[in-house]
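A structural walkthrough
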Amino acid sequence: MSDSNLTEAARRCLEQLGPEGLPRHVAIIMDGNGRWAQRQHKPRVAGHRAGVEVVRQLVQTCGELGIEVLTLFAFSSENWRRPAREVGFLMELFLLALEREVRKLHRHNVQLRIIGERSAFPEKIQQRIEDAENLTRDNTGLVLNIAANYGGRWDITQAARTLAEQVAAGDITPEDITPERLAENLCLADLPEPDLFIRTGGEQRISNFLIWQLAYTELYFTPVLWPDFNRDEFEKAVISFSHRQRRFGQTGEQVEQQRNA
Ligand code: IPE
Ligand code: IPE
Ligand code: MG
């Protein structure tokens, strides 16, 4: 986006950025929907519904700021353990969102991808996912990844299985298996790794999200419940990120020198 196209709000945020600048890829655990609803004496599902609106706003904010990739944890491989009614409602909401939002995302040049084990979803949802991905495949704006029936351990396991099959077929040897080659077979392999991880809702854990990909990601936890997570709160996280020094094992002095070179 050229400078003259920046909204006032985006310009204000970008002006506050520190040396690290904008994250290219932000990954978020959208947590706290249930507690938000319960505090208002509403059923938990009201929180999930309110959460969808927050996603809509966030996609717009990311587009305005010029963030390249946004990955959202919508349903974990462990969330099947919830009461059947809640799981059913979440499936309905997912289907509805796919029906209602995809065309709008397409108009905004967003490339939508769904990561996770999709064979567990009802046939109708699987078909919608495929249609949505095909429709938005060539879009060049924000890449929006929705993690649905995703688990980090599943991701690593499916990559390991792919490599094992290649060894069994004689295409590679066990010695060919390196961290780089394993990473190539994970979800999101073609995208930059997450720079910033945000978890709302106050818990400080990863809950089997992108466990491999988050190895060097900056972590940000906020007590704000997901339905209350607005533009200001997101910008706070981005600005906090921009003032951190990422060392990747080096010393602070080395990083400073490279930055000044
Ligand atoms: C996150 O909110 C949404 C999903 C896991 C689908 P929760 O439903 O986990 O909300 P809390 O943590 O119970 O408040
Ligand atoms: C993580 O939230 C998964 C999603 C937000 C989709 P949970 O609420 O399921 O995580 P735990 O169970 O509290 O760790
Ligand atoms: Mg939760």
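Here is a short report on the structure shown in this document. (Residues numbered from 1 in each chain as written. Chains lettered and ligands numbered in written order. Predicted model: local features only at pLDDT ≥ 70, side-chain atom pairs only at ≥ 80, totals over all residues. Heavy atoms only, no water.)

Taken together, the neighbourhood of ligand 1 is formed by Met 30, Asp 31, Gly 32, Asn 33, Gly 34, Arg 35, Arg 44, His 48, Ala 74, Asn 79, Arg 82 and Leu 90. At a separation of 3.1 Å, an oxygen atom of ligand 1 approaches a polar backbone atom of Asn 33. In this structure, Arg 35 approaches ligand 1 through a side-chain N or O atom, which is 2.7 Å from an oxygen atom. Out of a free accessible area of 380 Å², ligand 1 has 87% covered by protein chains. Secondary structure elements with two or more residues in the shell around ligand 1: α2 (33-39) and α3 (44-65). Per-element tally for the shell around ligand 1: the top contributor is α2, with three residues. Here the residues of the shell around ligand 1 sort into three nonpolar, five polar and four charged. (Near = heavy atom within 4 Å. Polar contact = N/O pair within 3.5 Å; in protein donor to acceptor, adjacent residues only side chain to side chain. Areas by Shrake-Rupley, 256 points an atom, 1.4 Å probe, with all protein chains shown as cover. Helix = DSSP H or I, 4+ residues; strand = E, 2+ residues; numbered from the N terminus. Nonpolar A, V, L, I, M, F, W, Y, C, P; charged D, E, K, R; others polar.)

This part covers the nonpolar core. Formed by 46 residues in total, the largest nonpolar core has its most connected members in Ile 28, Leu 70 and Phe 234. The element contributing the most residues to this core is helix α4 (residues 84-107), with eight residues. With residues near it in sequence (within four places) discarded, Leu 70 still touches Val 26, Ile 28, Leu 58, Val 59, Cys 62, Leu 142, Val 143, Leu 144 and Asn 145. Grouped together as the second largest cluster of nonpolar side chains are 15 residues, Ala 27, Val 69, Ile 115 and Val 143 included. (Core = buried A, V, L, I, M, F, W, Y, C linked by side-chain atoms within 4.5 Å. Buried < 20%, exposed > 50% of the residue type's maximum accessible area, 1.4 Å probe, protein only. Contact = heavy atoms within 4.5 Å.)

Along the chain, the position of Glu 233 falls in helix α8 (residues 231-242). Given a relative accessible area of 16%, Glu 233 falls into the buried group. Reaching out from Glu 233, the side chain makes a polar contact with the side chain of Lys 236 at a distance of 3.2 Å.

Right, let's talk about the environment of Glu 184 for a bit. With respect to the element layout, Glu 184 can be found in helix α7 (residues 179-184). Among the residues examined, Glu 184 registers a relative accessible area of 57% and is labelled exposed. Residues Glu 184 and Ala 159, spaced 25 residues apart in sequence, show a C-alpha to C-alpha distance of 8.2 Å.

Before going further, it helps to spend a moment on the layout of surface pockets. As a volume, the second largest pocket reaches approximately 150 Å³. What lines the second largest pocket is a set of 13 residues, among which Ala 183, Leu 188, Ala 189, Leu 191 and Glu 193 lie closest to the centre. A breakdown of the residues in the lining of the second largest pocket according to their chemical character gives nine nonpolar, one polar and three charged. (1 Å grid on protein atoms, 1.4 Å probe; cavity = no way out; pocket = protein on both sides within 12 Å on 5 of 7 lines; lining within 4 Å. Points joined across faces, edges and corners; volume = space filled by probe spheres on them.)

Turning next to the side chain of Glu 86. Residue position: Glu 86 is located in helix α4. Within the local environment of Glu 86, its side chain forms a polar contact with the side chain of Arg 44, the two groups lying 2.8 Å apart. Discounting residues that sit within four places of it in the chain, Glu 86 has contacts with Arg 44 and His 48.

Attention now moves to helix α5 (residues 123-136). When the terminal C-alpha atoms of α5 are compared, their 20 Å separation across 14 residues agrees well with the 20 Å that a helix rising 1.5 Å per residue should span. Taken together, the buried positions of α5 are Ile 125, Gln 126, Ile 129, Ala 132, Glu 133 and Thr 136. Along the axis of α5, the buried residues cluster in a sector spanning 130°; they form a single face. For α5, the secondary structure elements touched by its buried residues are α4 and β3 (111-115). (Expected span 1.5 Å × (residues − 1). Arc of directions from axis to C-beta.)

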